[in-house]
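Analysis of the macromolecular model
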Amino acid sequence: MSRTPTTEQRPASHTAESVELDEAQVLLEESEADPWAQISPSVYENARVVTVAPWLGGAGRRLRYLCEEQAADGGWGVAGFRLVPTLSAVEALLTAWRRGEVADGAGADRIRRAAVRGIETLHTWLTGGQGSEEAKQLPDTVAIEVVIPGLIAQINDHLIRHRTTCLPGLPERLVSLTLPLPRGTDDSILVALRTATAAGRTLPPKLWHAWEILAPGRPFAQEVQPVNGSVSCSPAATAAWLAGSPTGPDPTGDSLTAPPAAATQEARAALRFLDDLQRHRGGLLPLGAPMPNFERAWVLASLATHDVPHQASESLLDQLEAVCLEEGMTAGFGLPPDADDTAVGLYALARHGRRHRPDSLLHYYNEGHFCTYPDERTASPSANAHALEALGFWTQRYPDDLPRFGAPVVGSADWLLSVQNADGSWTDKWNGSPYYATASCAQALAAYAGETARPAVERAVSWVLNTRRPADRWGHGTGTIEETAYAVWILRLSRNAHRGQQVDEALEAARRTLARGEITEDSTPLWIGKDVYTPVRIARAACLSATHDLKTR
């Protein structure tokens, strides 16, 4: 696919609108052509596959990636989200060390050194030393209540095994270590779920996403149903379900469990899925795949909401409409439907002229707000904001449906107003950045909640003005490009004339940042799954939308 030329290469006759159209079209064409979606590599996911699937192509590249991603302090990941990827990486490196595996371009000693530093770092965090905030304030990542005790138990098993089967080169100071669980956590949920899986009881499909933790060593479990070879869109869960290549012995020489006849076809499909994915990604695996529905819906919604010039192809809209089913839409094939993806998919379709009535979204409305999934522990402000956008836009366009959808519109708006933080921001469980959550909520309220929401929107603007970082950025650490784009989304909503100059100056600062930055797979990951990740095209669409806002303000 030919890519859009850089600004310096474009003919002078190109207007700003035509440049934006070019960039938007590239995004849409890339997304339509890519059935996987562009999701950044995950330390957690690659490490789990190192452990459970040493036979899968690209193993050496994954080990090198784990070594390269280790920070100077011995841990992995982004501040606030470091414990899970560090546990996963350390366990994988210990496993590779015991097997005698090597990373591409590096010998076994590099793996040993990385594992030793990682163990020491984890012990420091978990016993209250420097960096212990990573173990004290645990984020609400997916399946964290089973992932943390499961991985700690596996690492402790490695250390216990060393006392009878030595890991050559393990420093004596580590031999007697035992990693404790973080305060306030236990393994009761993990034990209960593993007991259920061992008995062959069917778990809710949303739990299959963590199959690598819940059912290690249970290949071809009949109660799990892969879709096109993928177990719940997770490479790690798929590899754990296989537990070994169904085509022959694994590299250690151990014989593999032969798949039951009924599972043979599904097992081969799962192996093809993993091999195709790792080849497509050069050996490195994303947190989830394939997730085209998620990517396409969010890109289309961002472009439409901010009036970025673009032309969505009928085939792309047809594909999105085909996955908006009676029970809702999934982020990707193998995942259960959810309110967030359903809302954004329906909204994107409506904004592009498709009359797909949003009845499926009502399945998720309960007690005055929307639940992302049935029986979830904590509700999501961003999911409620997206539901408000979907139903608010629909009822504006088709007012005859107001009696059916009016109560959820009012309910979700009222709920969002009730959960705004005192400082004017919102926080969310699907994204580590309050700028994403605040942009989603303020934008929906400003458009569909009337003047009663105006004070809340202005408080959100005040929060953005008060949290600007040096170097014209907003967000994590010294600030990020993506979060600066969300800051623009919020600032553009201000109607307070008394601070118009302050808002204009902040927007000009954001313009400078967006003009000299770009989103790549190496950008700071903000989106939350089992690990944090970057949906690259979605973040690029957010930045393009913010840039358009700046030009049209």
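Because the structure is predicted, anything quoted here is derived from the model rather than measured. (Residues numbered from 1 in each chain as written. Predicted model: local features only at pLDDT ≥ 70, side-chain atom pairs only at ≥ 80, totals over all residues. Heavy atoms only, no water.)

With that out of the way, let us pick up the overall build of the chain. If you tally the helices and strands in the chain, you get 22 helices and 4 strands. Relative to the globule expectation of 24 Å for 553 residues, the C-alpha radius of gyration of the chain, 24 Å, shows essentially globular dimensions. In terms of overall dimensions, the chain has a C-alpha envelope of 70 × 50 × 50 Å along the principal axes. Buried residues in the chain amount to 59% of all 553 residues. A separation of at least 24 residues holds for 74% of the contacts in the chain among residues at least 6 apart in sequence. Per element, the accessible surface of the chain, about 22200 Å² overall, is 51% carbon and sulfur. (Helix = DSSP H or I, 4+ residues; strand = E, 2+ residues; numbered from the N terminus. Rg over C-alpha atoms; globule rule 2.2 N^0.38 Å. Buried < 20%, exposed > 50% of the residue type's maximum accessible area, 1.4 Å probe, protein only. Contact = heavy atoms within 4.5 Å. Areas by Shrake-Rupley, 256 points an atom, 1.4 Å probe, with all protein chains shown as cover.)

On to helix 17 (residues 402-418), then. Each α-helix turn comprises 3.6 residues. Residues three or four places apart therefore point the same way. Compared with the 24 Å implied by 1.5 Å per residue over 17 residues, the 23 Å span of helix 17 between its first and last C-alpha is a close match. Every buried residue of helix 17 is accounted for by Phe 405, Gly 406, Pro 408, Val 409, Gly 411, Ser 412, Ala 413, Trp 415 and Leu 416. Packing partners of the buried residues in helix 17 comprise strand 1 (365-366), strand 2 (369-370), helix 16 (381-397) and helix 18 (434-448). (Expected span 1.5 Å × (residues − 1).)

All right, on to the packing of aromatic side chains then. Per the stated rule, a full pass over the model turns up 13 aromatic pairs. Ring geometry for Phe 294 versus Trp 298: centroids 4.8 Å apart, planes at 65°, classification edge-to-face. Here Phe 294 and its partner Trp 298 are both found in helix 13 (residues 292-305), 4 residues apart, which amounts to about one turn of the helix. Exposure class is identical for Phe 294 and Trp 298. Each is buried. Between Trp 298 and Trp 527, the aromatic rings sit 6.5 Å apart at their centres with planes inclined by 80°, giving edge-to-face as the arrangement. Note that Trp 298 is positioned in helix 13 and Trp 527 in strand 3 (residues 527-528), a separation of 229 residues in sequence. Here a set of aromatic residues connected by ring pairs shows up, and it is made of Phe 294, Trp 298, Tyr 436, Tyr 486, Trp 489 and Trp 527. (Phe/Tyr/Trp six-rings, centres within 6.5 Å; stacked < 30°, edge-to-face > 60°.)

Below, the discussion takes up the pattern of salt bridges. Tallied over the full model, the rule gives 36 salt bridges. Measuring nitrogen to oxygen at the nearest pair gives 3.7 Å for the salt bridge that ties Glu 68 to Arg 61. Measuring nitrogen to oxygen at the nearest pair gives 2.9 Å for the salt bridge that ties Glu 508 to Arg 511. Placement of the pair is Glu 508 and Arg 511 together in helix 21 (residues 500-515), with a separation of 3 residues, close to one helical turn. By relative accessible area, which is 34% here, Glu 508 ends up partly exposed. (Salt bridge = Lys/Arg side-chain N within 4 Å of Asp/Glu carboxyl O.)

Attention now moves to the side chain of Thr 305. Inspection of the secondary structure assignment puts Thr 305 in helix 13. Exposure remark for Thr 305: the relative accessible area of 16% places this residue in the buried category. A distance of 2.8 Å separates a polar side-chain atom of Thr 305 from the backbone oxygen of Ala 301. For Thr 305, the contacting residues outside a window of four places in its chain are Tyr 347, Arg 351, Glu 389, Gln 443 and Arg 492. (Polar contact = N/O pair within 3.5 Å; in protein donor to acceptor, adjacent residues only side chain to side chain.)

On to the nonpolar core. Of all hydrophobic cores here, the largest spans 96 residues; its most connected members are Phe 294, Leu 361, Leu 445, Leu 491 and Trp 527. In this structure Leu 361 touches Ala 339, Thr 342, Ala 343, Leu 346, Phe 370, Ala 387, Ala 390 and Leu 391, once residues within four positions along its chain are discounted. The next biggest cluster of nonpolar side chains, apart from the first, holds 79 residues, and it includes Leu 63, Ala 89, Ala 96 and Leu 170. (Core = buried A, V, L, I, M, F, W, Y, C linked by side-chain atoms within 4.5 Å.)

Attention shifts here to the environment of Asp 73. In this fold, Asp 73 is placed in the loop between helix 3 (59-69) and helix 4 (83-99). Residue Asp 73 is classed as partly exposed on the basis of its relative accessible area, which comes to 40%. The spacing of Asp 73 and Thr 121 is 48 residues in sequence and 7.1 Å in space, taken between C-alpha atoms. Not counting residues up to four positions away in its chain, the partners in contact with Asp 73 are Arg 82, Arg 117, Thr 121 and Trp 125.

Here we come to the environment of Pro 171. As for its position among the elements, Pro 171 is in the loop between helix 7 (144-162) and helix 8 (172-175). Pro 171 gets classed as buried once you look at its relative accessible area, which sits at 16%. Separated by 55 residues in the primary sequence, Pro 171 and Val 116 have C-alpha atoms spaced 7.9 Å apart.

Once that is clear, we can look at helix 4. With 17 residues, helix 4 extends 24 Å between its outermost C-alpha atoms, agreeing within 8% with the 24 Å of an ideal straight helix rising 1.5 Å per residue. Counting buried positions along helix 4 gives 15 out of 17 residues, so the element sits mostly inside the fold. Phi turns positive, to about 80°, at Gly 100, one or two residues after helix 4.

It is worth spelling out the confidence of the model for the chain at this point. Confidence along the chain averages 92 in pLDDT terms, with 93% of residues attaining 70 or more. Across residues 1-13, where pLDDT falls below 50, the model places 12 contacts with residues more than four positions away in sequence or in other chains. For the stretch residues 248-257, pLDDT sits under 50, and the model shows 13 contacts to residues farther than four places along the chain or on other chains. (pLDDT = per-residue confidence, 0-100.)

Attention now goes to the environment of Glu 295. Inspection of the secondary structure assignment puts Glu 295 in helix 13. In the structure, Glu 295 is positioned 264 residues away from Ser 31 in sequence and 7.2 Å away in space, judged by C-alpha atoms.

For the rest of this paragraph, the subject is the packing of helix 17 against helix 18. Across the interface, helix 17 lies against helix 18 with an axial gap of 11 Å and an inter-helix angle of 135°. Considering the angle they form, helix 17 stands oblique to helix 18. You can see that helix 17 and helix 18 cross each other, and the crossing is left-handed. In this structure, helix 17 uses Val 409, Ala 413, Leu 416 and Leu 417 to contact helix 18, whose residues at the interface are Cys 441, Leu 445 and Tyr 448. Grouping the constituent residues of the contact of helix 17 with helix 18 by class yields 7 nonpolar, no polar and no charged. (Axes fitted to C-alpha atoms, helices over the stretch in contact; angles between N-to-C directions. Parallel < 35°, antiparallel > 145°, perpendicular 65-115°, else oblique. Left-handed = near helix turned anticlockwise from the far one by under 90°. Nonpolar A, V, L, I, M, F, W, Y, C, P; charged D, E, K, R; others polar.)

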